[in-house]
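Observations on the three-dimensional arrangement
These are the residues of each chain, in order.
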Amino acid sequence: MKIGLIGYGKMGKAIERIALERGHSIVYKIDSKNTIDQVDLTIADVAIEFTQPGLVVKHMETCIEKQVPIVVGTTAWQSELDRISKLVSEKNGSLLHASNFSVGVNILFHINEKLAALMSSHSEYKAQIEEIHHVQKLDAPSGTAVSLAQGLIENNQNYTSWKAKTGSWPAVTAEELPIQALREPDVPGTHTISYISKIDTLTLSHEAHSRDGFALGSVIAAEFLFGKKGIYTMRDVLAF
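Residues numbered from 1 in each chain as written. Predicted model: local features only at pLDDT ≥ 70, side-chain atom pairs only at ≥ 80, totals over all residues. Heavy atoms only, no water.

Before going further, it helps to examine the overall build of the protein chain. Helix and strand content of the protein chain: seven helices and 11 strands. In terms of C-alpha radius of gyration, the protein chain reaches 19 Å, essentially the compact-globule figure of 18 Å for 240 residues. Considering only C-alpha atoms, the protein chain reaches an extent of 60 × 40 × 30 Å along its principal axes. Expressed as a percentage of contacts within the protein chain between residues at least 6 apart in sequence, the contacts between residues at least 24 apart total 64%. Side-chain charges in the protein chain split into 23 positive and 27 negative, and the spacing between the mean points of these groups amounts to 3 Å. (Helix = DSSP H or I, 4+ residues; strand = E, 2+ residues; numbered from the N terminus. Rg over C-alpha atoms; globule rule 2.2 N^0.38 Å. Contact = heavy atoms within 4.5 Å. Lys, Arg positive; Asp, Glu negative; His and termini not counted. Charge placed at Lys NZ, Arg CZ, Asp CG, Glu CD.)

Here's what the structure looks like:
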């Protein structure tokens, strides 16, 4: 399969290495010196996008217009999802997006929802989410933390919304789920969901050891998207 990389930072380089190991070829690498307007996107079977929240919407729009299937790992753009979904439908395009491509994290998403439902009748346990990432990460809380929060709220009647703060825990009401976003050097990503009572604490956690899990998942997603039309997520890839 011919893969185009939109974004060639640390993630892009990890994706390139794993894609080559899996027998694919890289046909272009888009970055600040080689922009999306300078490249024939159509030579790729699938494009994989990891850039910045301020750039991702244009990248999606351009790929959809040019009929290039695109896998998107950038987060903090979901307010535009309805509009992008309409464009995919109008252009008969192909989009696969996820807040996190790690197989382990997507299993965590699934378990998080099941546990939230189980804990719904145990209001003595107070839930909270902590996420830790490297200092270069631009969005806080992370897209993964937001996905975990949404999954918990949708399955636990005790919470109606979430509230986040960088560096410390936010002050919350009883119905708000607190998220603490920490930024530390050289942390690929750690997410922890805790249920705390006076008696004990129940914890779910995922710690990434490197970017390879995210990179591998994005290549697996590209393999899944190849030849398909419509909008997909990692739930479709992993058949949850």
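That shown, we press on.
Moving on, we come to helix α5 (residues 143-155). Spacing of three or four residues puts side chains on the same side of an α-helix, whose turn is 3.6 residues. Given a rise of 1.5 Å per residue, 13 residues ought to cover 18 Å, and the 19 Å separating the end C-alpha atoms of α5 matches this to within 8%. The complete set of buried residues in α5 reads G143, T144, A145, V146, L148, A149, G151, L152 and I153. Tucked inside the fold, the buried residues of α5 contact α4 (103-119), β6 (126-133), β7 (161-166), β8 (176-183) and β9 (190-196). (Expected span 1.5 Å × (residues − 1). Buried < 20%, exposed > 50% of the residue type's maximum accessible area, 1.4 Å probe, protein only.)

Another aspect to go through is the sheet that holds strand β5 (residues 94-97). If you trace the six strands from one edge of the open sheet to the other, you get β2-β1-β3-β4-β5-β11, paired in parallel fashion. Every other strand in the sheet has two partners, leaving β2 (25-30) and β11 (230-232) as the edge strands with one partner each. The average angle at which neighbouring strand axes cross in this sheet is 20 degrees, direction not considered. When strand β1 (residues 2-6) meets strand β3 (residues 46-49), the two strands line up parallel, connected through four bridges. Residue pairing across strands places I3 opposite V46, the latter belonging to β3. Helix α3 (residues 81-91) rests against β5 and β11 of the sheet, and its axis sits at about 150 degrees to β5. (Pairing = 2+ DSSP bridges. Axes fitted to C-alpha atoms, helices over the stretch in contact; angles between N-to-C directions.)

Everything listed here is a matter of geometry and, on its own, says nothing about what the molecule does.
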